[in-house]
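So you can see what is in the structure, the chains are spelled out below.
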Amino acid sequence: AGITVDVYNRTSAHAGPLRDRGAAAAASPAQLAENCDVVLSCLLDTDAVRAVYLGDEGFAHGLRPEAIFVEHGTFDPALATEIAATFAASGAHFIDLPVTGGPDRAREGTLTGMAGGDPGCLERVRPIINCYANRIEHAGESGNGLRLKLVNQLLVSEHLVAAAEAAALIQQLQIPHAVAERVLNAGWAQSAMLARSLPKALNGDFASTGATLGGLVEVQRLVAKLAAESGVRLPTFAAASDAFAEADHLRSEE
């Protein structure tokens, strides 16, 4: 898109293909922050975000006045509020902007993002983010992007388990797969996860999507924490989470 890019990755080798295409490599998050007016990151979990943003060589040690930091990972909303306050004290800005759509939509430039933080800062970086996310919704104060993403992951979790249960029942009843897919995707049962997951389950296509089981289990803990803090009961989500926890346990034993 004609934008000058510096890169940093906690695993240096992962940045290699970007360096090969002309990106400048930083030795630490602090150095990256010193070099850039806009920093876009997508980290694994709450611990990774805390280390990269607030750790010994984190972004916080290289802040430029009026620089804008955007985090696309899914992590604890309370940490987003903490980072935003820390950066504001140094004249920098932080936006939590988790995305949904997966690797395929990232490559297509059609991710959807939900943002928490200053709307003016969001507008300043929107043209850059539009290179890979063509729909960005402002959800309110710092942390609200993450809170909405956790609601999204609640539904993803429930819909994935529902699709798996439907696939198991279709196979046991020996209903023609193509007929089942056409019918279930034509009415009220339809969901994006059903359309994506049902044919894969029925056809035994279990190739990796790039999303890890353990990562989703960690996010489900954040959903449960958010619900508990909000005083909202989520019995359907609890049942879906149990299914993922069992699957993660079986995977760890392999």
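In case you missed it, the structure is sitting above this.
Now for a look at the structure at hand. Here the structure is a predicted model, which is why all the values come from computation and not from measurement.

Taken as a whole, this structure holds zero disulfides when the rule is applied. Considering cysteine sulfurs only, Cys131 is the nearest to Cys36, which forms no disulfide, with 15 Å between them. Here Cys42 is not cross-linked by a disulfide; its sulfur's nearest cysteine counterpart is in Cys131, at 16 Å.

Relative to the helices and strands, Ile95 is located in strand E5 (residues 93-96). Considering only alpha carbons, one finds Ile95 and Thr11, 84 residues apart in sequence, at a separation of 24 Å. Ignoring any residue separated from it by four or fewer positions in sequence, one finds Ile95 in contact with Ile68, Phe69, Val70, Glu71, Ala115, Gly116, Asp118, Cys121, Leu122 and Val125.

Before going further, it helps to examine the packing of aromatic side chains. Any two aromatic rings considered together are summarised by their centre-to-centre distance and by the angle between their planes. In total, this model carries seven aromatic pairs according to the counting rule given. Their ring planes at 45° and their centres at 5.3 Å tell us that Phe59 and Phe69 sit as a pair that is tilted. Separated by ten residues along the polypeptide, Phe59 in the loop between helix H3 (46-54) and strand E4 (68-71) and Phe69 in strand E4 bring together distant segments of the chain. Exposure remark for Phe59: the relative accessible area of 2% places this residue in the buried category. With relative accessibility at 0%, the residue Phe69 sits in the buried group. Summarising the aromatic geometry, the rings of Phe69 and Phe87 are spaced 4.9 Å apart at their centres and angled 75° between planes, so their arrangement reads as edge-to-face.

Leave glycine aside and you will find that most residues have negative phi; peptide bonds, for their part, are mostly trans. In the Ramachandran plot, Glu66 falls in the positive-phi region, its phi being about 70° despite a non-glycine side chain. Take Glu66: its relative accessible area is 44%, and that puts it in the partly exposed class. In the Ramachandran plot, Gln174 falls in the positive-phi region, its phi being about 55° despite a non-glycine side chain. Relative to the elements of secondary structure, Gln174 occurs in the loop between helix H7 (144-173) and helix H8 (177-184).

This part is about the packing of H7 against helix H11 (residues 235-253). Here H7 crosses H11 at 65°, and the two axes come no closer than 9 Å. Overall, the two elements H7 and H11 adopt an arrangement that is roughly perpendicular. Relative to H11, the crossing made by H7 is left-handed. In contact with Leu154, Ser157, Glu158, Leu160 and Val161 of H7, H11 contributes Thr236, Phe237, Ala240, Ala243 and Phe244. Its residues assigned to classes, the contact of H7 with H11 shows seven nonpolar, two polar and one charged.

Conventions used here
- Residues numbered from 1 in each chain as written.
- Predicted model: local features only at pLDDT ≥ 70, side-chain atom pairs only at ≥ 80, totals over all residues.
- Heavy atoms only, no water.
- Disulfide = S-S within 2.5 Å.
- Helix = DSSP H or I, 4+ residues; strand = E, 2+ residues; numbered from the N terminus.
- Contact = heavy atoms within 4.5 Å.
- Phe/Tyr/Trp six-rings, centres within 6.5 Å; stacked < 30°, edge-to-face > 60°.
- Buried < 20%, exposed > 50% of the residue type's maximum accessible area, 1.4 Å probe, protein only.
- Axes fitted to C-alpha atoms, helices over the stretch in contact; angles between N-to-C directions.
- Parallel < 35°, antiparallel > 145°, perpendicular 65-115°, else oblique.
- Left-handed = near helix turned anticlockwise from the far one by under 90°.
- Nonpolar A, V, L, I, M, F, W, Y, C, P; charged D, E, K, R; others polar.

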